[in-house]
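In case you want the letters, here they are:
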Amino acid sequence: MSLPPLTPINPPRPYIFPLPHSTMGLGSHLANASAALTGRSAKAEDRVPEGAAEEDTEVLDEKEGNLILSLISQLRPGMELSKIAFPAFVLEPRSMLERVTDFMAHPDLLFGVSQLNDPQERFIRVINYFLSGWAERPKGVKKPYNPVLGEIFRCKYKYSDGSEGFYVAEQVSHHPPISAYYYLSPANNVAIIGELRPQSKFLGNSVMTDMGGESRINLLDTEDGDYVISMPNMYARGILFGKMVLELGDVSRARNAKHGFECDVDFKVKGFFSGTYNAIAGKAKDKSGNTFGEFGGKWSDQIEYKGARTSQSEVLFDAHKSKPIAKVVAPEDEQEPLESRRLWLEVTKAIKSKDMTRAAEAKAEIEDAQRKRREETGSKIPEGRYFRLVKDGSGEHYEPRFERLTDRDAAIKAVQEWIWPGSAAAAAPAPAETAPEPIPAATATEDAPAAAPTAAPASTESEASATIDGHKPGALVQEAAIAHSASP
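Since this is a predicted model, take the numbers as computed values, not measurements.

(A) View of the overall build of the protein. Of regular secondary structure, the protein possesses 10 helices and 18 strands. Across the 488 residues that make up the protein, the buried fraction comes to 56%. Contacts in the protein between residues at least 24 apart in sequence constitute 64% of all its contacts with a sequence separation of at least 6. With the model as given, the accessible surface of the protein reaches about 20,700 Å², and the carbon-plus-sulfur share is 50%.

Below you can see the structure in the form of structure tokens.
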């Protein structure tokens, strides 16, 4: 099957391993780790491993190595690592709720897909959108901030044809950590609902994160129903010795119940003696189990597809030629106390200025305030402000507390009022306008598929500086507790 040609755009950054929540004993590894950790920069092992990208690797200096070794020495079998505060230098300066938005940065790969006549083509396009989301990532092996319970992140996107997309995420559980998110573009008939339930453990010289949860993608003007896609697992190699490298591994499963389609995409990890980094392979199958297409290539480079009808290979996505679409975020001084950028502002400022002592202090203030709040409220978990837990035949998952409207203009107004109640227009200021370029709908004929949607140019993300009303970040958590518990 030959697909319409795609206009490459820059995929979002991947979510790097979260704070681990379970461990394995390290035993004698600790005795051998000290020299490796404290002497990394002078050793041959610190060279970028063959086949690995420079941006996926990191070297700790002597001070950082000693801090990591000190943390590892505290580990005991069965201990939850959430009880251990990781040093600030391993943090990426943004919350995990914002990290998830990287996957919302390019839903334009989905715009117009619903107009393709062949459901197999639609299935392949949805998978391509998902796979492209892993290519752009922060340099090194970093982890985002662990969101506090009730923390939220809100933003919007403006596309070149004047249409918009809206996003909200909320930390609905802290132990275990669960982040729920929702994206909607009424004008483009795309909705994405999902959650992350990460659980991590040490594997000797690596940290593995089991990425529980899934994304449910819906093309609203079709009868396809949900395209459900699970996440690959993540591996941070070289924690004790050698150069640290990030890998994605294991199987991500995409499925569509309406048409009976499934595709298991194998994220291959590099073997000790053979193989390469970042390779993928997958077969798309119909409800009879027949393969109608195969994926290949690298998630960090080019994603390739070969249809069974033509046996011709084509590049679906090229990470080196892609361009991102920026999100629009309200300035921190216009955000609520538990909104991610305002909550973590002091930590972010300190990390960017390389003041790790201040970053650790600000981070501890937020964590201490959350612990105090848990002590005051007991074990009862407050209901989510934006999401509710739903239990059905497929298990349990989180759904937004929002009813989509069929009228497009009414839906645009309603979703803004839901995400930014009382201040929809001001909460997410629009970037400077550029001359709009049309995003043509994807169409296809039996003989020749039409061109894919044109990628919208990147808009400028709001980075306005702000104060936090004279409060410390920890105080903001306590200040927001009453407001959050009273939320609908």
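(B) The environment of Gln199, seen in detail. Among the secondary structure elements, Gln199 is positioned in strand E7 (residues 190-202). Judged by its relative accessible area of 31%, Gln199 falls in the partly exposed class. The sequence separation of Gln199 and Thr209 amounts to 10 residues, and the corresponding C-alpha distance is 5.6 Å.

(C) Looking closely at the pairing of strand E11 (residues 244-256). Here strand E9 (residues 226-230) runs beside E11; their pairing, made up of 3 bridges, is antiparallel. Opposite Tyr227, over in E11, you have Asn256 as the bridge partner. Between E11 and strand E12 (residues 261-268), which follow one another and run antiparallel, lie 4 residues, and Gly260 among them has a positive phi close to 75°.

(D) Region of the structure containing unusual backbone geometry. The omega torsion of the bond from His175 to Pro176 falls at 0°, within 30 degrees of zero and hence cis. One can find Pro176 in the loop between strand E5 (164-173) and strand E6 (178-185). Positive phi, close to 60°, is recorded for Ser311, a residue that is not glycine. Along the chain, Ser311 turns up in the loop between strand E15 (302-307) and strand E16 (313-318). Residue Ser311 is classed as exposed on the basis of its relative accessible area, which comes to 53%. The phi dihedral of Lys354 is positive, around 65°, even though this residue is not glycine.

(E) Representation of the packing of aromatic side chains within the structure. With the rule as written, the count across this model stands at 18 aromatic pairs. Feature note: the residues Phe103, Phe130, Trp134 and Phe267 constitute an aromatic cluster, connected by ring pairs.

(F) Highlighting the pattern of salt bridges. If you walk through the whole model with that rule in mind, you get 25 salt bridges. The partner of Arg94 in a salt bridge is Glu92, with the nearest N and O atoms 2.7 Å apart. Across the pair, Glu92 and Arg94 agree in class, each one buried. If you follow the salt bridges from partner to partner, you end up with Glu92, Arg94, Arg99 and Asp102 in one network.

(G) Quick peek at the pairing of E5. Where burial is concerned, most of E5 is hidden: 10 out of the 10 residues are buried. Pairing analysis gives 7 bridges linking strand E4 (residues 152-158) to E5, with the strands arranged antiparallel. The residue of E5 that forms the bridge with Tyr157 is Gly165. Here E4 folds back onto E5 in antiparallel fashion, the turn holding 5 residues, of which Gly162 has a positive phi close to 95°. Direction of pairing for E5 relative to E6: antiparallel, over a ladder of 7 bridges. Paired with Phe166 across the two strands is Leu184, which belongs to E6.

(H) Main features of helix H4 (residues 119-132). Helix length check: H4 (14 residues) gives 20 Å between terminal C-alpha atoms against 20 Å at 1.5 Å per residue, within 8%. Of all the 14 residues making up H4, 13 are buried; the element is thus mostly covered by neighbouring parts of the structure. Its side-chain oxygen 2.8 Å from the backbone nitrogen of Gln120, Asp118 forms the N-cap of H4.

(I) Molecular detail of the packing of helix H6 (residues 345-352) against helix H7 (residues 356-377). Contact geometry of H6 with H7 gives a least axis separation of 8 Å together with a crossing angle of 165°. Looking at the two axes, H6 sits roughly antiparallel to H7. Remark: the crossing between H6 and H7 carries left-handed chirality. Across from Glu346, Val347, Ala350 and Ile351 in H6, the residues of H7 making contact are Met356, Arg358, Ala359, Ala362, Lys363 and Ile366. Here the contact of H6 with H7 is built from residues that sort into 7 nonpolar, no polar and 3 charged.

(J) Structural detail: the side chain of Glu151. Relative to the elements of secondary structure, Glu151 occurs in the loop between strand E3 (143-145) and E4. For the buried Glu151, no salt bridge is present, and the opposite-charge side chain at shortest range is Arg373, 9.2 Å distant. Polar side-chain contacts of Glu151 include one of 2.8 Å to the side chain of Ser95. Here the side chain of Glu151 touches Val148 through a polar contact of 3.0 Å, landing on its backbone nitrogen.

The rules behind these values
Residues numbered from 1 in each chain as written. Predicted model: local features only at pLDDT ≥ 70, side-chain atom pairs only at ≥ 80, totals over all residues. Heavy atoms only, no water. Helix = DSSP H or I, 4+ residues; strand = E, 2+ residues; numbered from the N terminus. Buried < 20%, exposed > 50% of the residue type's maximum accessible area, 1.4 Å probe, protein only. Contact = heavy atoms within 4.5 Å. Areas by Shrake-Rupley, 256 points an atom, 1.4 Å probe, with all protein chains shown as cover. Pairing = 2+ DSSP bridges. Phe/Tyr/Trp six-rings, centres within 6.5 Å; stacked < 30°, edge-to-face > 60°. Salt bridge = Lys/Arg side-chain N within 4 Å of Asp/Glu carboxyl O. Expected span 1.5 Å × (residues − 1). Polar contact = N/O pair within 3.5 Å; in protein donor to acceptor, adjacent residues only side chain to side chain. Axes fitted to C-alpha atoms, helices over the stretch in contact; angles between N-to-C directions. Parallel < 35°, antiparallel > 145°, perpendicular 65-115°, else oblique. Left-handed = near helix turned anticlockwise from the far one by under 90°. Nonpolar A, V, L, I, M, F, W, Y, C, P; charged D, E, K, R; others polar. Lys, Arg positive; Asp, Glu negative; His and termini not counted.

Nothing here speaks to function; it is all geometry.
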